[in-house]
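In case you want the letters, here they are:
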Amino acid sequence: MDKARQHGAMALFDQPWGDSPTQSGGRVPGAEGVPAFVLRRPRANPIPVLIAVPHAGRFYPPALTAALRHPREAGLRLEDRYIDLVADRVARATGAGLLLAHAPRAMIDLNRAPDDIDWEMVQGGGSAVRARLTAGRRARSGLGLVPRRLPGLGELWRAPISRAALEERIAWVHQPYHAALAKTLESMRDRWGAALLLDLHSMPPLGPKSGPEAAVDYVIGDRFGAACDSRLVGATLDHFERKGASVAHNRPYAGGYVLDRHGAPARKISAMQLEVCRSAYLDAAMREPAEGVDAVSETIAGLVRLLADEVVAGGFGFAQAAE
């Protein structure tokens, strides 16, 4: 993985953030001094919204790059390419908290359960019973906790990873990231009466962008109602409609482990996944940011302001567990 991409990842996090304190957590295995993630929250904590970006990490340690069969292609396809630039702009414009991963998805997928593992790619594997019980649908498809294969590229790794390396990635990246995410959401909920996690991702184009069957630019996921208060989902759909933006709900992306673990409307913590089509903000090759970054950032910033108002207004009125 080229140094320019690594530098780009670090440069974003080195920018000043006004009076907002920055918390670094975990560390990227094989990269001395590089935290697994950074968390930024304005001191005034003006709104109860946290934007998290788990799949935009671009820091590839040399050992990880050397272990990949197709390092550049695999990284580009696994990353939510530069969606962190959009998240950064939205957070600065709205005062939302911001949680950004440094560790790349190729190393460990923060939107997968820690036991969603394809044990055939781990040296020594697991017992037949353990492998059968713990390998979920995503691991079997090649996109488990550690991605194994991609269509058109096949197997991603030159050799199986060691059990020690897997445990290191979980302990140094996955566990501290989700601990920070949970703690921040609970803190926001305790202050405001409710909180919202916006889990921001990007997606490849779902089809042609013109014609009667034109593909959407946004997909919101709420685990089919389990992760997010329905009023916030309704407000989101209305917002995109007013902006003239095409949007789908739970199809084809309903959310993953992040929403399963952290979305708890009965406890007044809602979680929503937002997928943004890469063609809306990247160049034609979908490799570098383009003019669309401004428009996408403005649209999502408007959404965050709207949802923040909804969360505050409903802080003591969201559905209770007994209802």
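Not measured: the values here are computed from a predicted model.

Novice: Kindly report on the overall build of the protein, identifying the contributing residues and their values.
Specialist: Helices and strands together make up the secondary structure of the protein, namely 10 helices and 10 strands. Across the 323 residues of the protein, 56% fall into the buried class. Sequence separation of at least 24 residues holds for 79% of the intrachain contacts in the protein that already meet a minimum separation of 6. Roughly 13,600 Å² of accessible area belongs to the protein as shown, and the carbon and sulfur atoms make up 53% of that amount.

Novice: Give a detailed account of the pairing of strand β3 (residues 49-53), specifying residues and quantitative values.
Specialist: Counted residue by residue, β3 has 5 buried out of 5 residues, so it is predominantly covered. Of the two faces of β3, both are covered, the one formed by Val49, Ile51 and Val53 as well as the one formed by Leu50 and Ala52. The pairing of β3 with strand β7 (residues 195-203) spans 4 bridges and is parallel. Bridge pairing in β7 places Leu50 opposite Leu197. Summarising the sheet, β3 and strand β4 (residues 97-101) pair through 4 bridges and their orientation is parallel.

Novice: For the packing of helix α8 (residues 230-242) against helix α10 (residues 292-313), give the residues involved together with the corresponding values.
Specialist: At a minimum axis separation of 10 Å, α8 and α10 run at an interaxial angle of 145°. Considering only the axes of α8 and α10, their crossing is right-handed. Residue-level inspection shows Leu232, Ala235, Thr236, His239, Phe240 and Arg242 of α8 in contact with α10, the latter providing Thr299, Gly302, Leu303, Leu306, Leu307, Glu310 and Val311. In terms of residue class, the contact of α8 with α10 is made up of 7 nonpolar, 4 polar and 2 charged.

Novice: So, unusual backbone geometry: which residues are in play, and what are the values?
Specialist: Among all residues save glycine, negative phi is the norm, and among peptide bonds the norm is trans. In this structure, the amide linkage connecting Arg251 to the following residue, Pro252, adopts the cis form with an omega of 5°. Among the secondary structure elements, Pro252 is positioned in the loop between β9 (247-249) and α9 (257-262). Positive phi values are uncommon outside glycine, yet Phe224 reaches one of about 55°. On the secondary structure map, Phe224 appears in the loop between β8 (218-221) and α8. Phi angles above zero are rare outside glycine, and Met286 is one such case at about 55°. Summarising the element assignment, Met286 is placed in the loop between β10 (269-277) and α10. On the accessibility criterion, Met286 (30% relative accessible area) is partly exposed.

Novice: Provide a residue-level description of the packing of helix α4 (residues 83-94) against α10, including the pertinent values.
Specialist: It is the contact of α4 with α10, at a shortest axis distance of 9 Å, that shows an interaxial angle of 45°. Considering their axes alone, α4 and α10 lie oblique with respect to each other. Crossing of α4 over α10 shows right-handed handedness. Residues Val86, Arg89, Val90, Ala93 and Thr94 of α4 form the contact with α10, whose own contacting residues are Val293, Asp294, Val296, Ser297, Ile300, Ala301, Val304 and Arg305. For the contact of α4 with α10, the class distribution of residues is 8 nonpolar, 2 polar and 3 charged.

Rules behind the numbers
Residues numbered from 1 in each chain as written. Predicted model: local features only at pLDDT ≥ 70, side-chain atom pairs only at ≥ 80, totals over all residues. Heavy atoms only, no water. Helix = DSSP H or I, 4+ residues; strand = E, 2+ residues; numbered from the N terminus. Buried < 20%, exposed > 50% of the residue type's maximum accessible area, 1.4 Å probe, protein only. Contact = heavy atoms within 4.5 Å. Areas by Shrake-Rupley, 256 points an atom, 1.4 Å probe, with all protein chains shown as cover. Pairing = 2+ DSSP bridges. Axes fitted to C-alpha atoms, helices over the stretch in contact; angles between N-to-C directions. Left-handed = near helix turned anticlockwise from the far one by under 90°. Nonpolar A, V, L, I, M, F, W, Y, C, P; charged D, E, K, R; others polar. Parallel < 35°, antiparallel > 145°, perpendicular 65-115°, else oblique.

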